[in-house]
Amino acid sequence: MAEDKLDTIALLKALAESPKRDNRAYHHAIAEARQAFEDAEIALGGPVEVRTKTKMKRNGEYTVKWTFKRLT
């Protein structure tokens, strides 16, 4: 039992000391998506629905196309 507790403590210390993941690109993309929805609602004059198309390019870029349509 004591050995399990020491293993758990060692694991928690290792997790605490490990490098943190950099989520800046993710947060930036989410902020851009929220802004795109806001801009579409202003431009189209109300609530919108969205359709997306995704594509992985040969050069490794991942492209997402957003198409907004006003809800009727």
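Structure report, in brief. (Residues numbered from 1 in each chain as written. Predicted model: local features only at pLDDT ≥ 70, side-chain atom pairs only at ≥ 80, totals over all residues. Heavy atoms only, no water.)

1. A look at a nonpolar patch on the surface
Here is step 1 of the chain: On the surface, Met56, Tyr62, Val64 and Trp66 cluster together into a nonpolar patch covering about 420 Å² of accessible area.
Here is step 2 of the chain: In terms of residue count, the dominant contributor to the nonpolar patch is strand 2 (residues 62–70) (three residues).
Here is step 3 of the chain: Relative to the assigned elements, Trp66 resides in strand 2.
Here is step 4 of the chain: Trp66 gets classed as partly exposed once you look at its relative accessible area, which sits at 36%. (Patch = residues over 30% accessible without salt bridge, like charges linked within 9 Å, V, L, I, M, F, W, Y side chains within 5 Å. Areas by Shrake-Rupley, 256 points an atom, 1.4 Å probe, with all protein chains shown as cover. Salt bridge = Lys/Arg side-chain N within 4 Å of Asp/Glu carboxyl O. Helix = DSSP H or I, 4+ residues; strand = E, 2+ residues; numbered from the N terminus. Buried < 20%, exposed > 50% of the residue type's maximum accessible area, 1.4 Å probe, protein only.)

2. A few points about the pattern of salt bridges
Here is step 1 of the chain: Evaluation of the coordinates by the stated rule reveals two salt bridges.
Here is step 2 of the chain: Between Arg24 and Asp22 there is a salt bridge; the shortest N-O distance is 2.7 Å.
Here is step 3 of the chain: The shortest N-O distance in the salt bridge between Glu61 and Lys57 comes to 4.0 Å.
Here is step 4 of the chain: By relative accessible area, Glu61 is classed as partly exposed at 43%.

3. Overview of the pairing of strand 1 (residues 48–56)
Here is step 1 of the chain: Pairing between strand 1 and strand 2: nine bridges, direction antiparallel. In the sheet register, Val48 faces strand 2, and the bridge partner there is Arg70.
Here is step 2 of the chain: The hairpin formed by strand 1 and strand 2 contains five residues between the paired strands, and Gly60 there has a positive phi angle of roughly 95°. (Pairing = 2+ DSSP bridges.)

Any functional reading would require information beyond the geometric quantities listed.
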